[in-house]
Amino acid sequence: MRFFVLIILLYLSPIPIGAQESTALNDSIESITQRIYEYKNEGSFEKSLLEIEKGLQIAASIDDAEAIIDFYNLYARLNIQYNKPINSEIYLKEAREVLNLYKYNNGRALTAILEGYIQAKKNKREDAYKHIDEALKTIDYNDKSVLNLVLFNQALIYFELKDYDKAKVILQKMIPPDHKYEKEYLLASSQLVLARIYAKENNYESANILLDNVLRVAARHKFPRILYGTNTLRYEIANAKEDYYAALLYYKKADSILQKYFNPEIIRKQNEAAYANEAKFLNNVIARMSQDELEQQQKVNISKLTSVLSSALLIIISLLTISLYRNNQIKFKTNDLLLKKNKELQIAKEEAERAMKAKGQFLSTVSHELRTPLYAVTGLTHLLLEEDPKDSQKEHLKSLKFSGEYLLDFINDILQINKIDANKLTAERTLFDLHKTLEDVTFSLSQTAKENKNSIILDMDKNTPKKLIGDPLKLSQILINLVGNALKFTENGKVILLTKLISASDDHYKIHFEVNDDGIGISEEMQKNIFESFSQGSIQINRQYGGTGLGLTIVKSLLSLFDSDIYVKSELGMGSSFYFDLEFQAPDPSEIEEEKTEELEEASLSNLHLLVVEDNKINQVITKKMLAKKGISSDVADNGYEAIKLAKENNYDLILMDIHMPGISGLKATEEIRKFNKTIPIIALTALTLDESTDDFFSSGCNDIITKPFKPDSFYKIIGASILRTGSHA
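Residues numbered from 1 in each chain as written. Predicted model: local features only at pLDDT ≥ 70, side-chain atom pairs only at ≥ 80, totals over all residues. Heavy atoms only, no water.

## Some points on the overall build of the protein
Note the following rule: What counts as a helix is a DSSP run of H or I of at least four residues, what counts as a strand is a run of E of at least two, and both are numbered from the N terminus. The cut-offs for exposure are 20% and 50% of the maximum accessible area for each residue type, with area from a 1.4 Å probe on protein chains only; residues under the lower value are buried, those over the upper are exposed, and the others partly exposed. Contact definition: two residues touch when any of their heavy atoms are within 4.5 Å. Here, Shrake-Rupley sampling with a 1.4 Å probe gives the accessible areas, and only protein chains in the shown set may cover a residue.
Along the protein, the regular secondary structure elements total 26 helices and twelve strands. Evaluated residue by residue, the protein yields a buried proportion of 44% over its 730 residues. Taking all contacts inside the protein whose residues are at least 6 apart in sequence as the whole, residues at least 24 apart take part in 69%. When the accessible area of the protein is evaluated, it comes to approximately 40300 Å², of which 53% is carbon and sulfur surface.

Shown next as structure tokens:
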């Protein structure tokens, strides 16, 4: 704030504020700066002064600190260039004042090098070199205009200090110089200084060559000071060489330029303008200092008043402190107790989280380890049933198959709940057909319905949209659990799956889903905990109807992914109704494509030749026999390395790739095979654990996944679908 007060006080003029703003708009700092350089170099000292003052007024009105610093430096350069008797340091001092409040590296570099030149003129060598160091450390070397100006003034400092070799090195390197406004003037000036050095070294030939160049540039652009300096130096050289005729000629030319541009009358006017500008500048500085003193006095008065008020306030606070001391002591004790309790609660929370994590890992590990023997149980049972067993054996084998599949469903449920609890599941967003999804759910449970002599009715509101964006897989899981439960607890009845459109907008649909049955019903007391894990209402219900008691827990957990919840209405003997609402995003019309209604017939699996990658010997035998039942021949690889080798040497229709193997994993083996075979279908065989993600399988190059232990129908169906999709079997 002090900075802008300084600027306004320093350059307060009679021009109205509105006029200043208009000037700032119509006459930019850029064009003013360009005119300053033109007037300065063509010998118009007074015009340059007026333009600098004008530029400062505009810079102050728009709070452009960098421009203000540049104009202060131009004040100093102008007076140095024209050898004015006033002190240029006052302008550089004000530039320093602004630089203390505003970071502007190029402005600081130019101020420092000009200060160094003034110190060199006073023959203060050490001070001049310090300013050179400051300028070179501060400057932006990418800004060629400022860089060349700093280098030129550095050479002038060395020249003044009679360090001619250093000056000569800089001037030789910077020719030709580059500058936004005075490229030609710097070129002529730097060559003139270099010519002076050559003349002092009695190298008159080199000096005259440079002076020829200087004369051409100065004459073409009308630089009177350069023309005067050139002819003066040529006079000195001719006089030193005793060529008095040439010396007289150059002297007359120099005198002619002096009389035209720098005669006593012109010098008098320039000095008057310089003194007037200095006086105005100093008066404004004094005014600003007086204002600062006044502000300081006001601050002192305010400080005294503040001291009095502070004393009174201190007395009041002291009295309040005494009265509040006891209360604070009580609060401290209470806070200590709360901190202690919070720490205990935090420790308990961390222990609970560790216990939950350990439980999840334990259940995941157990469920994964159970899959290997279950694969043998379900696989061998299927093979035995396929081999035409005796009637007396069929019942036992069917019971064994049911038990194996029950255990498999139980393990899958546990793993699903663990994944939800561990936040391993997220809601997907894909375009899908809601009608087809609901029809698939009812069709998949049609056989279960027949077993209990039930019927499934799909009742869809005619306003329910067909195409939606959501997660069809998780919606299917929710509905299969609800409809499956309804069928299990209903006999000789019906189960109704209905939908109703609640609301619709341009980008969202809200749909109500409900599953009704006329089964045994649920008591009001048991409805309170029916969504908890392993809860089935009663031990008798569990014994009579079976099941794990995890279905509704999974439903509730899956719905939480969509910020929804499940509700139930039921009475004993009167059936049950489970319902929930879901929001879906409306697809963009351009995203909806007419799907080809093709009936995909099951691929003919006979005559296929597969590669089975499996390290477990029992699993190898079972998988080969299951494939042979469908007329599929196969080779077996015990590990990933052998799988890569066989895949290179043979043509297979499909590869069944076990994921967890010693050596390299199935995923790594798949990646290696994909390097030389991009098209062969590869199906991952895995017992999914808590930490595994299906995204890893697909990114490695797998086309599909079969979860172990698998049901035979699903096993053959996935193989057939992969063959159809890739067209790898003729």
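## A look at helix 6 (residues 89–99)
Of all eleven residues in helix 6, eight are buried, a share of seventy percent or more. Taken as a whole, helix 6 has its buried residues at I90, Y91, L92, E94, A95, R96, V98 and L99.

## Some points on the sheet that holds strand 10 (residues 654–658)
Our working rule: Pairing between two strands requires that DSSP report at least two bridges joining them. In this description, a line fitted to the C-alpha atoms serves as the axis of each element, helices being fitted only across the stretch in contact, and the angle between N-to-C directions of two axes falls anywhere from 0 to 180 degrees.
Taken together, the five strands give an open sheet; going across it, the order is 9-8-10-11-12, and neighbouring strands pair in parallel fashion. The sheet terminates laterally at strand 9 (633–637) and strand 12 (704–707), the two strands that pair on one side only. This sheet shows a mean twist of 20° between the axes of neighbouring strands, independent of strand direction. Here strand 8 (residues 609–613) runs beside strand 10; their pairing, made up of four bridges, is parallel. Its bridge partner being in strand 10, V612 is matched across the sheet by L656. Contacts between helix 23 (residues 640–649) and the sheet are confined to strand 8, strand 9 and strand 10, with strand 9 contributing the most and set at about 140° to the helix.

## Observations concerning unusual backbone geometry
Phi at K162 takes a positive value of approximately 65°, unusual for a residue other than glycine. Along the chain, K162 falls in the loop between helix 9 (144–160) and helix 10 (164–174). Backbone geometry places D563, a non-glycine residue, at a positive phi of 60°. Topologically, D563 is positioned in the loop between helix 21 (551–560) and strand 6 (567–570).

## A few points about the packing of helix 11 (residues 183–200) against helix 12 (residues 204–221)
Operational definition: Roughly parallel refers to an angle under 35 degrees, roughly antiparallel to one over 145, roughly perpendicular to one between 65 and 115, and oblique to any angle outside these ranges. Note on convention: near helix rotated counterclockwise from far helix by under a right angle means a left-handed crossing. Clockwise means right-handed. Only Asp, Glu, Lys and Arg are considered charged, only Ala, Val, Leu, Ile, Met, Phe, Trp, Tyr, Cys and Pro nonpolar, and every remaining residue, Gly among them, polar.
The N-to-C vectors of helix 11 and helix 12 enclose an angle of 155°; their axes lie 8 Å apart at closest approach. Accordingly, the angle class assigned to the pair helix 11 and helix 12 is roughly antiparallel. Judged by the sense of rotation from one axis to the other, the crossing of helix 11 with helix 12 is left-handed. Packed against helix 11, whose contacting residues are E184, L187, A188, Q191, L192, L194, A195, Y198 and A199, the element helix 12 presents Y204, S206, A207, L210, L211, N213, V214, V217 and H221 at the interface. The residue inventory of the contact of helix 11 with helix 12, partitioned by class, reads 13 nonpolar, four polar and one charged.

## What about the pattern of salt bridges?
Our working rule: For this document, the term salt bridge refers to a Lys or Arg side-chain nitrogen within 4 Å of an Asp or Glu carboxyl oxygen.
In total, this model carries 22 salt bridges according to the counting rule given. With a shortest N-O distance of 3.9 Å, K121 and E160 are connected by a salt bridge. You can see K121 sitting in helix 7 (residues 105–121) and its partner E160 sitting in helix 9, a full 39 residues away along the chain. The partly exposed category is assigned to K121, whose relative accessible area is 47%. With a shortest N-O distance of 3.9 Å, K130 and E126 are connected by a salt bridge. Remark: E126 and K130 occur in helix 8 (residues 125–138); sequence separation between them is four residues, near one turn of the helix.

## Topic: the side chain of D471
To keep things clear, this is the line we draw: Pairs of N or O atoms are called polar contacts if they sit within 3.5 Å, as long as, within protein, a hydrogen donor faces a hydrogen acceptor (for residues adjacent in sequence, only side-chain-to-side-chain pairs).
Take D471: it is sitting in the loop between strand 3 (467–470) and helix 19 (472–488). Side chain to side chain, D471 and K474 meet in a polar contact 3.0 Å long. Excluding residues that lie within four positions of it along the chain, D471 makes contacts with T426, A427, E428, F432 and F562.

## Brief notes about helix 10
Test applied: It is the directions from the helix axis to the C-beta atoms whose arc is reported.
If you check which residues of helix 10 are buried, you get A167, K168, I170, L171 and M174. In an axial view of helix 10, the angular spread of the buried residues amounts to 165°, which keeps them on one side of the axis. Along helix 10, exposed side chains directed more than 90 degrees from the buried face belong to D165 and K173. Buried positions along helix 10 lie against helix 9 and helix 11.

## Some points on the pairing of strand 10
For strand 10, the buried fraction is high: five of the five residues fall into the buried class. The alternating pattern of strand 10 places L654, L656 and D658 and I655 and M657 on opposite faces, both of which are buried. In this structure, strand 10 lies alongside strand 11 (residues 682–686), joined through four bridges in parallel fashion. Across the sheet, the residue bridging to L656 is I683, located in strand 11.

## Side note on the environment of R216
Among the secondary structure elements, R216 is positioned in helix 12. Counting along the chain gives eleven residues from R216 to L227, while the straight-line C-alpha distance between them is 9.5 Å.

## What to know about the packing of aromatic side chains
Quick reminder of the rule: Working definition: a ring pair exists when centres of Phe, Tyr or Trp rings (six-membered ring for Trp) sit within 6.5 Å. Plane angles under 30 degrees give stacked, over 60 give edge-to-face, the rest tilted. Charge over a ring is defined by NZ of Lys or CZ of Arg lying within 6 Å of the ring centre and within 35 degrees of the ring normal.
One pass over the full model with this rule turns up 13 aromatic pairs. Their ring planes at 55° and their centres at 5.4 Å tell us that Y235 and Y251 sit as a pair that is tilted. Pair noted here: Y235 is in helix 13 (residues 224–240) and Y251 is in helix 14 (residues 244–261), with a separation of 16 residues, a long-range link. Among the aromatic side chains, those forming a connected cluster through ring pairs are F432, F513, F580 and F584. Taking the ring centre of Y82 as reference, the NZ or CZ of R225 above it sits at 5.0 Å. The side chain of R225 reaches across the aromatic face of F262, ending 5.1 Å from its centre.

## Quick notes on the packing of helix 8 against helix 9
For the pair helix 8 and helix 9, interaxial distance at closest approach is 11 Å and the crossing angle is 165°. Classified by the angle their axes make, helix 8 and helix 9 are roughly antiparallel. Considering only the axes of helix 8 and helix 9, their crossing is left-handed. Together, A128, Y129, I132, A135 and L136 of helix 8 and V150, Q154, I157 and Y158 of helix 9 make up the contact between the two elements. When grouped by side-chain class, the residues that make up the contact of helix 8 with helix 9 number eight nonpolar, one polar and no charged.

## Re the side chain of N454
Looking at the element boundaries, N454 is found in the loop between helix 18 (446–451) and strand 2 (455–460). With a relative accessible area of 10%, N454 lands in the buried category. Here T490 takes part through its backbone oxygen, which lies 2.7 Å from a polar atom of the side chain of N454. Sequence-distant contacts of N454, that is, excluding residues within four places in its chain, are made with A449, L487, T490, E491, N492 and G493.

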